[in-house]
Amino acid sequence: MSGIDELAARLRTELGADQVLTDRQQLRTYECDGLTHYKVIPALVALPRTAEQVAAVVRACAGAGVPFVARGSGTGLSGGALPHADGVLIVTSQLRRIVDMRPADERAVVEPGVINLQVTKAATPHGYYYAPDPSSQQICSIGGNVAENSGGAHCLKYGFTTNHVTGLQVVTPDGDLVQLGGAAPDTPGYDLLGAFVGSEGTLGVATEVTVKLTRLPETVRTLLAAFASTDQAGAATSAIIAAGVVPAAIEMMDALSIEAAEAAVRCGYPRGAGAVLIVELDGPAAEVDAQFDEVSSLCDSAGAFEIRVAADDEERQLIWRGRKSAFAAVGRISPDYIVQDGVIPRTSLPEVLRRMNEVAAEHGVRVANVFHAGDGNLHPLVLFDGSVPGETERAETVSGAILDLCIEHGGSITGEHGVGVDKARYMPRMFTDTDLDTMQLVRCAFDPDGLSNPGKVFPTPRLCGERPGRRSGAFEYQGAEVF
């Protein structure tokens, strides 16, 4: 009996036979996350239903020296939940209870498999909502949001997941259940909670999350401004922020992403627009009204040829429909595409977008841009046809060049999608060897054996004895099958 067979037998005893998968056809369901470019079939999938069962799986893995990877809804876009070919994939989607809704304390306690939007639905009758809103909020899980420090359209005003998590119950890499933080706004000592959020599963597995609830605003007003070019839309964005107005969201889409959204959901954006801005303001009615007039005037001054104002929630949802559908919608106009994620200063938007288009033209590919303009978080979609020889390689070259542009302009290789396996090779372009060693010392303090989500974030196994995987060309990962 192999080590995996022995581990499977033990886990079936502890979890139940139906919660442990070893059949190859069943395992293929979990071979990738939302980034389908990389695929690895795990040796075993565990489907725990409680925190104690998660701890039992991790303890068994630690005892056997078997690596493990946690996975929620599988919507990640950096390969953060890519399985290990010789390891266990711990799927937390069945841990989906809202444990406690405490509006008087402005807190909710949820399990990691709870869908992001469900928190808001549960809090709304009490006059609250959960602010972080990734585009995938109807299907992404809170546990995955914690792992990647997800943001969303409204992160400009309200911040990322890390700004809304006050406590975590965590299974450490040796299988202990521990509590980090709690319901209080802050706790003494080192910020272990802050270290865990955004650690991409390399420090353990979250099994319960305490989140902040935000009061529903008195007023929400949304406008759509159409411009001839992204330069004009970028200028309007900078002018709005420079005026001291902090909208809940400022989102930009270029002509190509508008074309895709129209094909997918018929959102009815203005014809002929080279770019549109979606600006949403919320808060006290008097403040919102005053800011709304100012934003409209600034958009007009920047060259907007049409400004639409949502008259009610239905029209507001129609405006947002195109933006929220953008990633998937691109499949209507291109057989393949790479979703990229980088950050630049707002003032660099016009220059970076122009250079991005030049690089794409040089390599014969198209790039559709849809992004959080307010905080400079870009989501360029590099379009290509993988059936045409050379196009995949050209798309990957352009994708990497976009990240180089972000770094060159003082930005980052990721804003909210994480590093995962997809961007690990770019980490040395942002950080020195000393920086990376220091980060890995933190990882080693939590996980000295390197069993928790190995092969992610860091490009080389410098400290914890972790083995590297290839980071370019065809993906090969410790005996993994490549498809």
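Worth saying up front: this structure is predicted, and the values here are computed from it rather than measured.

Conventions we followed
Residues numbered from 1 in each chain as written. Predicted model: local features only at pLDDT ≥ 70, side-chain atom pairs only at ≥ 80, totals over all residues. Heavy atoms only, no water. 1 Å grid on protein atoms, 1.4 Å probe; cavity = no way out; pocket = protein on both sides within 12 Å on 5 of 7 lines; lining within 4 Å. Points joined across faces, edges and corners; volume = space filled by probe spheres on them. Helix = DSSP H or I, 4+ residues; strand = E, 2+ residues; numbered from the N terminus. Nonpolar A, V, L, I, M, F, W, Y, C, P; charged D, E, K, R; others polar. Core = buried A, V, L, I, M, F, W, Y, C linked by side-chain atoms within 4.5 Å. Buried < 20%, exposed > 50% of the residue type's maximum accessible area, 1.4 Å probe, protein only. Contact = heavy atoms within 4.5 Å. Pairing = 2+ DSSP bridges. Axes fitted to C-alpha atoms, helices over the stretch in contact; angles between N-to-C directions. Salt bridge = Lys/Arg side-chain N within 4 Å of Asp/Glu carboxyl O. Expected span 1.5 Å × (residues − 1). Parallel < 35°, antiparallel > 145°, perpendicular 65-115°, else oblique. Left-handed = near helix turned anticlockwise from the far one by under 90°.

K.L.:
Looking at this structure, how should I read the layout of surface pockets?
P.N.:
One water molecule sets the probe size; rolling that probe over the atoms shows where empty space is left. The calculated volume of the second largest pocket comes to roughly 570 Å³. For the lining of the second largest pocket, the element with the highest residue contribution is helix H16 (residues 433-446), accounting for three residues. Broken down by class, the residue content of the lining of the second largest pocket amounts to 12 nonpolar, 10 polar and four charged.

K.L.:
Which parts of the structure should I look at to understand the nonpolar core?
P.N.:
Here is a general trend for soluble globular proteins: nonpolar side chains tend to be buried in one another's company. Core analysis: the biggest nonpolar cluster contains 41 residues, and Phe-227 and Leu-277 have the highest contact counts within it. It is helix H13 (residues 349-362) that contributes the most residues to this core, six residues altogether. Sequence-distant contacts of Phe-227, that is, excluding residues within four places in its chain, are made with Gln-232, Ala-233, Ala-236, Ala-273, Gly-274, Ala-275, Leu-277, Cys-299, Ala-302, Gly-303, Ala-304 and Phe-305. Of all hydrophobic cores here, the second largest spans 27 residues; its members include Ala-249, Leu-256, Val-339 and Leu-381.

K.L.:
Please clarify how the sheet that holds strand E2 (residues 44-46) should be interpreted in this entry.
P.N.:
In any sheet, the strands associate via hydrogen bonds between backbone groups, in a parallel or an antiparallel arrangement. The strand order across the open sheet formed by four strands is E1-E2-E4-E3, and the pairing between neighbours is mixed. Two strands bound the open sheet, and with one partner strand each, they are strand E1 (20-21) and strand E3 (68-71). As paired elements, E1 and E2 share two bridges and run antiparallel to each other. Following the sheet pairing, Val-20 is matched in E2 by Ala-46. Seen against the sheet, helix H3 (residues 51-64) touches E2, E3 and strand E4 (88-91) and runs at an angle of roughly 170 degrees to E4.

K.L.:
Quick question: what am I supposed to make of the pattern of salt bridges here?
P.N.:
Close approach of charged atoms lets side chains of opposite charge pair. Applying the stated criterion across every chain, the model contains 17 salt bridges. With a shortest N-O distance of 2.7 Å, Glu-306 and Arg-308 are connected by a salt bridge.

K.L.:
Help me out: how do you make sense of helix H14 (residues 391-408) in this one?
P.N.:
Over its 18 residues, H14 runs 25 Å from end to end, which matches the ideal 26 Å to within 8%, given 1.5 Å per residue. By the burial criterion, the buried members of H14 are Glu-391, Thr-392, Ala-395, Val-398, Ser-399, Gly-400, Ile-402, Leu-403, Leu-405 and Cys-406. Two residues or fewer past H14, Gly-410 is found with a positive phi of approximately 80 degrees.

K.L.:
What is the right way to look at the packing of H13 against H14 in this model?
P.N.:
Two packed helices can be described by the angle between their axes and the distance between those axes. Packing of H13 against H14 leaves a shortest axis separation of 10 Å and a crossing angle of 155 degrees. Judged on the interaxial angle alone, H14 and H13 are roughly antiparallel. You can see that H13 and H14 cross each other, and the crossing is right-handed. When H13 is examined against H14, the residues Val-352, Arg-355, Met-356, Val-359 and Ala-360 are found in contact with a partner set consisting of Val-398, Ala-401, Ile-402 and Leu-405. For the contact of H13 with H14, the per-class residue count stands at eight nonpolar, no polar and one charged.

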